[in-house]
Structures are given as C-alpha cells and as structure tokens.
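Summary of the model geometry
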Amino acid sequence: MTSATFPATADLSTAQLRAVATGEQRSLAEALAAMQPWTTLDISADELAQYLSSEDGGAQRYAVAVDGALAGIVSLRFPWLKGPYIELLAVLPTHQGHGLGTEILSFVEAETRRFGGRNVWVCASGFNDRAQHFYRRCGFVEVGSVPDLVADGFSETLLRKPLT
Ligand SMILES: CC(C)(COP(=O)(O)OP(=O)(O)OC[C@H]1O[C@@H](n2cnc3c(N)ncnc32)[C@H](O)[C@@H]1OP(=O)(O)O)[C@@H](O)C(=O)NCCC(=O)NCCS
C-alpha cells in the first residue's frame, strides 16, 4: 500500500530536499523578502521568518540544497483538493534558471501520482510573469483569479496541474 504522505527527505537529480534547519529560517526569510513576488507584495522578512518557524502539521516544508548549499525552499500543503497545494516555492537567485524549479515540480508530481492524487495546485501573483510562464510551461492551467488573497490590490492566479 502506498502512503499518502510526502517523504521527510528526498534526493532529486541535482538537489536534496530535507528539513529546514532552525538557523536557516531567518536567512531564507531575508532572501525571500528581497525577491519577487514578496518585494512587490510588501511581505517583510519578519513575517516570512514567523511563517517559516511556525509549527504546521498540515504542511511539509523542505529546504532545497545543492551540493550542501541552501538553494531554496518548498512547502507543500497536503491534503488539499485531491492533491497537494504548493504554498511556497522559491529558488534563490543564484540557483534560478538551471532547472531546479522544474525538478522540484517533477518530484511533487511523481509523489502525488504515487499515492493516487489527481491534481497539483499552486498560486502565483498575477504580476509575477516569470512564475506564470514557469508553471504554464510545466503543464499548469489557470483555474481562476483570486483578488486580494495575499495583499490588497493584487490578484493571485490559482493554477492546477491535472494528473489524470
Ligand atoms: C519561479 C521559480 C520557482 C522557477 O524556478 P527555476 O529553478 O528558476 O526554474 P527552472 O530553471 O526550472 O525553469 C526556468 C523557467 O522558468 C522561467 N523563470 C522563472 N523565473 C526565472 C528566473 N528568475 N530566472 C530564469 N528563469 C526563470 C524561465 O522563463 C524558464 O522558462 P523557459 O525554460 O521556458 O525559458 C524561481 O525562479 C523562483 O523562485 N522565483 C522567485 C520566487 C517565485 O516567483 N516563486 C513562485 C511563485 S510563489
């Protein structure tokens, strides 16, 4: 029988997924606060640090490491709607554009298929053109637009990748 959970750690082809160490939460929060979409959404490093250090039994959070160096973070909310919701995916700037995001999405998709999930879900800010392109290139389709979901005046696009 396959378990409907994500593994605690995973070895991808170029990256490792593992727990976020306590000392990494602040540095990740500061890096994210200096990146899009969080700069435009005006989400501070303090808010992000609080989120990253909060206990949350409904989410599986991974630090993304490449050759031992911190390269990003991914947080999966599961169960969600017949599959996981990627509530956070960030590849740090020096690691972007090298296929890491695609590799992480492939992992999420493969694990979701393994336990019989039918969808992978994610939101991307409407103004975040690169993320919108990235998810669509990886097979996600727009389901709808949710105004003021994360911050007033900004819409989030809800995207779904159907796995059936
Ligand atoms: C969006 C993101 C997760 C993609 O991860 P990545 O490792 O850079 O993506 P990959 O290398 O696998 O794929 C790159 C593709 O995504 C697009 N892309 C998105 N952001 C990019 C970036 N900063 N640099 C280069 N390509 C980027 C490119 O257009 C490219 O598409 P193409 O191959 O058709 O040209 C990553 O760039 C990131 O963390 N961005 C900032 C945070 C963010 O927007 N997160 C998602 C929404 S919450």
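Okay, so let's go over this structure. This structure is a prediction, so every number in the text was calculated from the model and none was measured.

Next up on the list: the site of the ligand. Around the ligand sit 21 residues, and of these V91, Q96, G99, G101 and T102 come closest. One of the side-chain N or O atoms of R137 is found 2.9 Å from an oxygen atom in the ligand. Protein contact buries 79% of the 850 Å² of open area that the ligand shows by itself. Contributing elements (two or more residues each) for the shell around the ligand: β5 (85-91), α4 (100-114) and α5 (129-137). The element best represented in the shell around the ligand is α5, accounting for six residues. Counted by class, the shell around the ligand contains 10 nonpolar, nine polar and two charged residues.

This part covers the side chain of S125. Within the secondary structure layout, S125 lies in strand β6 (residues 119-125). Note on S125: relative accessible area 2%, which makes it buried. At 3.0 Å, the side chain of S125 forms a polar contact with the side chain of E156. Aside from chain neighbours lying at most four places away, what touches S125 is P37, L41, Q132, S155 and E156.

Relative orientation of the contacting elements helix α1 (residues 22-33) and helix α3 (residues 45-53) amounts to 135°, with a least axis distance of 8 Å. Between α1 and α3, the interaxial angle falls into the category oblique. Regarding α1 and α3, the two cross each other, and that crossing is right-handed. Residue-level inspection shows Q25, R26, L28, A29, E30, L32 and A33 of α1 in contact with α3, the latter providing A45, D46, L48, A49, L52 and S53. Among the residues forming the contact of α1 with α3, the class breakdown is eight nonpolar, two polar and three charged.

So, about the sheet that holds strand β3 (residues 59-66). The strand order β1-β2-β3-β4-β5-β6-β8-β7 describes an open sheet built from eight strands, whose pairing is mixed. Taken across any chain shown, the strands that pair with only one partner, and hence form the sheet edges, are β1 (10-11) and β7 (141-147). Note: strand β4 (residues 69-77) against β5, six bridges, orientation antiparallel. Following the sheet pairing, L76 is matched in β5 by I86. Its contacts with the sheet place α5 against β5, β6, β7 and β8 (155-162), and it is angled at close to 165° to β6.

Here is what the cut-offs are and how they apply
- Positions within a chain are numbered from 1, following the residues in the order the chain's sequence is written.
- Residues qualify for local features only when their pLDDT is at least 70, as the model is predicted, and side-chain atom pairs are given and counted only at 80 or more; totals for whole chains, interfaces and linings, by contrast, use all residues.
- Excluding hydrogens and water, the side-chain figures rest on all heavy atoms present in the structure.
- Nearness of a residue to a molecule or strand requires only that one of the residue's heavy atoms be within 4 Å of it.
- In protein, a polar contact means a hydrogen-donor-capable atom and an acceptor-capable atom, both N or O and within 3.5 Å, with residues adjacent in sequence counting only if both atoms are side-chain atoms; elsewhere, any N or O pair within 3.5 Å suffices.
- We get accessible surface area from the Shrake-Rupley algorithm with a probe of 1.4 Å; when it comes to residues, only the shown protein chains can shield them.
- Counting from the N terminus, the helices are the DSSP runs of H or I reaching at least four residues and the strands are the DSSP runs of E reaching at least two.
- Put simply, Ala, Val, Leu, Ile, Met, Phe, Trp, Tyr, Cys and Pro go in the nonpolar bin, Asp, Glu, Lys and Arg in the charged bin, and everything else, Gly too, in the polar bin.
- Buried means the residue's accessible area, taken with a 1.4 Å probe over protein chains only, is under 20% of the maximum for its type, while exposed means over 50%, and partly exposed covers the values in between.
- The contact definition used throughout considers only heavy atoms, calling two residues in contact when any of these lie within 4.5 Å.
- Only C-alpha atoms enter the line fits that serve as axes; for helices the fit covers just the stretch in contact. Angles between N-to-C directions range over 0 to 180 degrees.
- Should an angle fall under 35 degrees it is called roughly parallel, over 145 degrees roughly antiparallel, and 65 to 115 degrees roughly perpendicular, with every other angle called oblique.
- Definitions for this section: a left-handed crossing has its near helix turned counterclockwise from the far helix by less than a right angle. A right-handed crossing has that turn clockwise.
- Strand pairing follows a simple DSSP-based rule, namely that at least 2 bridges must link the two strands.

Any functional reading would require information that these geometric values do not contain.
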